[in-house]
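Take a look at the letters that make up each chain.
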Amino acid sequence: MRGGRPWTRVWPAGREPRRLVSACPRGLRDMGSTTVPTTTVIGRDAELDAIRDLLDRAVSGPVGLVVEGEAGIGKSVLLEAAVEQAAGRGFRVLGSRAAEAEASWSLLAVGDLLDDVPEQAIDPLPEPQRNALDVVMRRAEPDGRSVEQATVGAALRGVLTRLASEGPLLLVLDDVHWVDEASAAVLGYVLRRLGDDPVAVVTTRRLPEPARLDLPGVLPEDAVVRLRLGPVSMGALRSILESRLPTRLTRSTLSRVHDASQGNPLFALEIVRVLEEVGVPPFGEPLPVPGDVQELIRRRVADLPERTRVLLLRAALAFGPTSPVPPSALGERSLDCLVDAERAGVVRLDGQVLRFAHPFHAAAVLATAHPDLIQEVRRQLAAEAVGPEERARHLGRAVDVPDLDVARTIEVGAEAALTRGAPLDGALLLERACRLTPAEAPRLAVRRGLRAAEYYEHVGEHASAEAMLDHLIARELTGDEAAEALRLRAEVCMADDDLAGAEDALAEALALNPAAHRCALSLMAITAQRRDFERAQRLSRDLLERLDPSTDGPLVAEVLAYSAMTDFRAGDGLDWARIERALELEDRDAVPVGSDPPCVIAAYFAFYAHRYDEARQRLIEIRDDVALRGFEDGYIQHWLGRLETACGNLGAAIAHIDEGIAITALTGNSALRDQLVADRAFVDVLHGDLDTAQERLQHEGPVGGLAANTEIRVALAAGLSGGDPEMAWEACRARVEEAERDGLTEPHQDDWVPDAIELMIARGLGDRAGAIIEAWEERGRALGYPWALALGARCRAVLHAAEGDDATAIAAAEEALEHHRSSGQPFHRARTLLVLGASLRRVRRRADARRALEEALAEFERMGCRRWTERAREELARIGGRSASTGGLSRSERRVVELAAGGASNKEIAATLSVSVHTIESHLSHAFVKLGVTRRGQLAGRLADEAQQID
């Protein structure tokens, strides 16, 4: 017990969790179990070998197996074999079997996975996470707050990590194409963060259905094996048929069945069952083909007695096609009526538990039932339901005409779903309540519809939100209602990165309801984002005039902070006094996730002021505060990633960015995801992985919008790192021309400009570049930005060097280094040292050049900037004066070289030394230059030569 509450999971109307009971009895989930039942798998030897290999590899870190194939091909049987093998090896097994009818039940698969998790794995979690799992697992009633998917993801991650520390885990997800979207998002989030935990994941997917959780997208690509099950051989099919049916087929008939079923075991079984009834058709007449199997199953169901079909209909509607059904839930003496269904192969009776033989059979029960009967059974189930959500679900499907009481009941069920942390379920029920609200209660219908649209937007169902809003706008709305509908439409536009559409919707909303202050605040932020600073500043002034700090303090705080940010972006600098006032008025207990309240904007200001330690501390405090409330915020990860990138801590930056990308998979914020993908591509370029960066943007990333600036930075950084300069120029040319025409405002917003200047110089556009340098440095002096002055001076150094004036270039580079002292940007400082060293070399100041270049080289090496490291080494090589020797290798480089000379791959070396592959590539790049070799195969000989010299 925790908090005095017994651990009892309450399921609706007798529903039990969907366990892989036949594959993994409860006793087998305990560690160390060795008594394992045997599932007979016929004709799948190679697949069984793949399962054994999977379990072997799992002890070294997360691995995955995706089993794909058409319905009835044998995926679930193979999954059961995997479970039994794992249990026999001491794996703890957690499993879930999804169902089409339950695909909208939010977080159902997560709840099933956790059903047999011991209390001691959950007890240490933070209270918000424990409470979230209680609700998801239906072991506690919601406390009135919605359960966030990010909270559930953090909790599940903690549970799996704790279990994996005790021994290897196997997670099995049958029919992953039907896993509810919330569970798929949570599981994707968790699987990306398993680290080196010994976890194997096996999923099955029916082709051609799309997988809602695709393992190659969440686990390392080389850790996942995909098995596509094809037809079984005729010999294997004979064995399968003989193990399931009494009939023995002649070889010719078996051959015909194999051809007709296309080697699909389920289809073959159904065909043979028909042959048992009607006999084998003469040669020349076709057997039933696989496309007819659904009709064959329907016919088998239709031939059952009426009472049996009614009981099966109740089971299918109440429990779904894959859940175990206690016959007692179907009424007295139900077992007697179900014998015929078992004999027909429609269901299986395992003791006191009923199961449909296959989801096809449950679908056939529904397809053969009269619509009136289905409605009647749904009404009965609604009347018998013990929980408001289940009652609403059945009632919403049973009633077609508006009814005030029915709509109210469905709304109550929607509230239960929302507090359970199932916003999509809640939205679906709210929409149904809206549509069943009679015409004489229009305000009630609109209120329900607006809430449905809001929750659709929250879960990323933008098409559903738009459809709901269109339905409402077609009605006669009050001004307030129309304004709220437009605000929600703006939310959808913003999530889709359509700032123009959002701006238009908010402007229209304010015209209808000028007192909609939240709309005005959002409009102010959007207009600033669109660089219409004058309008944004006017909106902030109007808002501050209308608001009273004594009564509207938190909202005033947000307006003050947003207005300070707007003025900053307009080029007016950092107004810390206004931020401090906003922080005094802010309600820190109500900091919204994914927004920019004053405490967050204060962190941004610290970042822009290059007070990186302060910015880091503020951001981490906000992240931790939000986490204590059970949330995770992708925006904070984005900013932490930017901060660590600026500080040259690229490994830490990657960790934050990847975390943010995973969080957006839970929240559905595509605009933020685009920005994070662009952030990640920028780090790829700094590491020297230009192809990876380009592929990331092409296949995963944005096409502009909020991430446009970062995309320009990526293209320019690639162009200056040995990539395609023409592509880089095309990416920035329009913005360069805009800067030349309109001037520069805030250098932080235009931080791509210095790289664009260097590219222009390389293209022979020195005159144009010089004018932009002057404008850039003027803004830097006006705003007191040492970092901007450092980059401007470096650009002057590059320009003078290109003109052949190295003496003036050296002076400009030295000036830049003075400004770098207070800017805290190691990457840019190293680039300045590289420019300085090159000019010093050209004027034959070799000792000074060497010092500058070696300092630049050391910094590039520390950061793992491979291409910039190579450029620094090339400059050093031009100086001469040192011979290559292994004595110049660092301890880390020597260890890497020894392993590489022994035949280890980069990935294997990285695993041995517990570092990244990027680090290994960087060490080898340096070592090649120091050793004077050009190929990996020369390393062993070079080390041997050195050993002889030492002897």
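None of the values given here were measured: they were computed from a predicted structure.

## Things to note about the overall build of the protein
Point 1. Helix and strand content of the protein: 45 helices and seven strands.
Point 2. Looking at the protein residue by residue over its 951 residues, the buried ones come to 57%.
Point 3. Contacts in the protein between residues at least 24 apart in sequence constitute 70% of all its contacts with a sequence separation of at least 6.

## A look at empty space enclosed by the protein
Point 1. Considering all chains together, one arrives at six cavities of 30 Å³ or more under this definition.
Point 2. Space inside the largest cavity adds up to approximately 520 Å³.
Point 3. For the lining of the largest cavity, the secondary-structure elements that each account for two or more residues are α29 (634-646), α31 (670-687), α33 (708-719), α35 (753-762), α37 (786-802) and α39 (826-842).
Point 4. Each residue belonging to the lining of the largest cavity can be placed in one class, and the counts come to 18 nonpolar, nine polar and six charged.

## Details of helix α25 (residues 553-572)
Point 1. Helix length check: α25, at 20 residues, gives a terminal C-alpha distance of 25 Å against a target of 28 Å (1.5 Å per residue), a shortfall beyond 12%.
Point 2. A large share of α25 lies buried, amounting to 17 of its 20 residues.

## Re the confidence of the model for the protein
It should be kept in mind that the predicted coordinates are not to be read in detail where pLDDT is low.
Point 1. Counting all residues, the mean pLDDT for the protein is 81, and 85% of those residues have values of 70 or more.
Point 2. Note on residues 1-37: pLDDT is under 50 here. Beyond four places in sequence and across chains, it has 112 contacts.
Point 3. This stretch, residues 882-886, has a pLDDT under 50; its non-local contacts, to residues over four places away or in other chains, come to 16 contacts.

## Considerations on the pattern of salt bridges
Point 1. Applying the stated criterion across every chain, the model contains 68 salt bridges.
Point 2. Across the pair D400 and R432 runs a salt bridge, and its minimum N-O distance is 3.8 Å. A residue pair is termed long-range when its members are at least 10 positions apart, and D400 in the loop between α16 (388-398) and α17 (404-419) and R432 in helix α18 (residues 423-435) qualify at 32 residues.
Point 3. Its relative accessible area of 26% is what places R432 among the partly exposed residues.
Point 4. One salt bridge connects E481 with R443, and the closest N-O pair in it is separated by 2.6 Å. A residue pair is termed long-range when its members are at least 10 positions apart, and E481 in helix α21 (residues 479-495) and R443 in helix α19 (residues 442-458) qualify at 38 residues.
Point 5. The network of salt bridges with shared partners includes E68, R205, D214 and R226.

## Some thoughts on the sheet that holds strand β2 (residues 92-97)
Within a sheet, each strand pairs with its neighbour through backbone hydrogen bonds, oriented either parallel or antiparallel.
Point 1. Pairing is parallel in the open sheet, where five strands are placed in the order β2-β3-β4-β1-β5. Of all the strands in the sheet, the pair left with one neighbour each is β2 and β5 (224-228). Each neighbouring strand pair of the sheet contributes to a mean axis angle of 15°, computed without reference to strand direction.
Point 2. Sheet topology places strand β1 (residues 63-69) next to β5; five bridges connect them, and they run parallel.

## Brief notes about the packing of α17 against α18
Point 1. Their axes nearest at 8 Å, the elements α17 and α18 cross at an angle of 170°. Here α17 lies roughly antiparallel to α18, going by the angle between them. Across the interface between the two elements, A407, I410, E411, G413, A414, A417 and L418 of α17 pack against P423, D425, G426, L429, L430, R432 and A433 of α18.
Point 2. Of the residues that constitute the contact of α17 with α18, the class distribution is nine nonpolar, two polar and three charged.

## Focus: the pairing of β2
Point 1. Extensive coverage of β2 is indicated by the burial of six of its six residues.
Point 2. Alternating residues of β2 divide into R92, L94 and S96 and V93, G95 and R97, and every residue in both groups is buried.
Point 3. Pairing of β2 with strand β3 (residues 169-174) involves six bridges; the strand directions are parallel. From the neighbouring strand, S96 faces β3, where its bridge partner is L173.

## So, the pairing of β3
Point 1. Counting buried positions along β3 gives six out of six residues, so the element sits mostly inside the fold.
Point 2. The alternating pattern of β3 places L169, L171 and L173 and L170, V172 and D174 on opposite faces, both of which are buried.
Point 3. In this sheet, strand β4 (residues 199-206) lies alongside β3 in parallel orientation, the contact comprising five bridges. Counterpart to L170 in the pairing with β4 is A200.
Point 4. Crossover β3 to β4 through helix α7 (residues 181-191) is right-handed.

## Comments concerning the packing of α37 against α39
Point 1. Two elements in contact, α37 and α39, have axes whose closest approach is 10 Å; the angle formed by their N-to-C orientations is 30°. Between α37 and α39, the crossing angle belongs to the class labelled roughly parallel. The element α37 and its partner α39 pack so that their crossing is left-handed. In contact with L791, R794, A797, V798 and A801 of α37, α39 contributes H828, R831, T832, V835, S839 and R842.

## Here we look at the environment of A164
Point 1. For A164, the location among the structural elements is in helix α6 (residues 149-166).
Point 2. Separated by 32 residues in sequence, A164 and D196 place their C-alpha atoms 9.6 Å apart.
Point 3. Not counting residues up to four positions away in its chain, the partners in contact with A164 are L169, D197, P198 and V199.

## Things to note about helix α27 (residues 598-608)
Point 1. Counting buried positions over the 11 residues of α27 gives 11, a clear majority of the element.
Point 2. Looking at α27, one finds that the buried residues are P598, C599, V600, I601, A602, A603, Y604, F605, A606, F607 and Y608.
Point 3. Immediately beyond the C-terminal end of α27, within one or two residues, lies H610, with a positive phi of roughly 60°.

## Focus on the environment of S464
Point 1. Topologically, S464 is positioned in helix α20 (residues 462-473).
Point 2. Accessibility expressed as a relative area gives 26% for S464, which makes it partly exposed.
Point 3. As a C-alpha pair, S464 and L428 span 36 residues in sequence and 9.4 Å in three-dimensional space.

## Notes on unusual backbone geometry
Point 1. Positive phi, close to 70°, is recorded for R531, a residue that is not glycine.
Point 2. Here R531 is to be found in the loop between α23 (517-529) and α24 (533-546).
Point 3. The phi angle at R844 is positive, at roughly 65°, despite the residue not being glycine.
Point 4. When you line up the elements, R844 lands in the loop between α39 and α40 (846-863).

## What to know about the environment of V202
Point 1. For V202, the position within the fold is in strand β4.
Point 2. Its relative accessible area of 1% is what places V202 among the buried residues.
Point 3. Sequence separation of V202 and G95 is 107 residues, and the distance between their C-alpha atoms is 9.4 Å.
Point 4. V202 has contacts with L54, L65, V67, L79, L170, L171, V172 and L173, leaving out every residue within four places of it along the chain.

## Considerations on a negative patch on the surface
Point 1. A contiguous patch of negative charge on the surface is contributed by D496, D498, D504 and E508.
Point 2. As for its placement among the helices and strands, D496 is situated in the loop between α21 and α22 (499-512).
Point 3. A relative accessible area of 42% means that D496 is categorised as partly exposed.

## Digging into the packing of aromatic side chains
Point 1. Taken as a whole, this structure holds 13 aromatic pairs when the rule is applied.
Point 2. Each ring, one from F827 and one from W868, has its centre 5.9 Å from the other, and the planes form 85°; the classification is edge-to-face. One end of the pair, F827, is in helix α39; the other, W868, is in helix α41 (residues 866-879), and 41 residues separate them in sequence.
Point 3. With a relative accessible area of 9%, F827 lands in the buried category.
Point 4. A residue is classified by how much of its surface remains accessible, and W868, at 4% relative accessible area, is buried.
Point 5. Ring-pair connections join several aromatic residues into one group, and the members of that group are F568, W576, Y604, F605, F607, Y608, Y612 and W639.
Point 6. Cation over ring: R611 sits above W576, and NZ or CZ is 4.2 Å from the ring centre.

## Quick notes on the side chain of R831
Point 1. Along the chain, the position of R831 falls in helix α39.
Point 2. Sequence-distant contacts of R831, defined by excluding residues within four places in its chain, comprise L720, D755, E758, R794, F860 and W868.

The rules behind each value
Residues numbered from 1 in each chain as written. Predicted model: local features only at pLDDT ≥ 70, side-chain atom pairs only at ≥ 80, totals over all residues. Heavy atoms only, no water. Helix = DSSP H or I, 4+ residues; strand = E, 2+ residues; numbered from the N terminus. Buried < 20%, exposed > 50% of the residue type's maximum accessible area, 1.4 Å probe, protein only. Contact = heavy atoms within 4.5 Å. 1 Å grid on protein atoms, 1.4 Å probe; cavity = no way out; pocket = protein on both sides within 12 Å on 5 of 7 lines; lining within 4 Å. Points joined across faces, edges and corners; volume = space filled by probe spheres on them. Nonpolar A, V, L, I, M, F, W, Y, C, P; charged D, E, K, R; others polar. Expected span 1.5 Å × (residues − 1). pLDDT = per-residue confidence, 0-100. Salt bridge = Lys/Arg side-chain N within 4 Å of Asp/Glu carboxyl O. Pairing = 2+ DSSP bridges. Axes fitted to C-alpha atoms, helices over the stretch in contact; angles between N-to-C directions. Parallel < 35°, antiparallel > 145°, perpendicular 65-115°, else oblique. Right-handed = clockwise from strand over helix to strand, strands pointing away. Left-handed = near helix turned anticlockwise from the far one by under 90°. Patch = residues over 30% accessible without salt bridge, like charges linked within 9 Å, V, L, I, M, F, W, Y side chains within 5 Å. Areas by Shrake-Rupley, 256 points an atom, 1.4 Å probe, with all protein chains shown as cover. Lys, Arg positive; Asp, Glu negative; His and termini not counted. Charge placed at Lys NZ, Arg CZ, Asp CG, Glu CD. Phe/Tyr/Trp six-rings, centres within 6.5 Å; stacked < 30°, edge-to-face > 60°. Lys NZ or Arg CZ within 6 Å of the ring centre and 35° of its normal.

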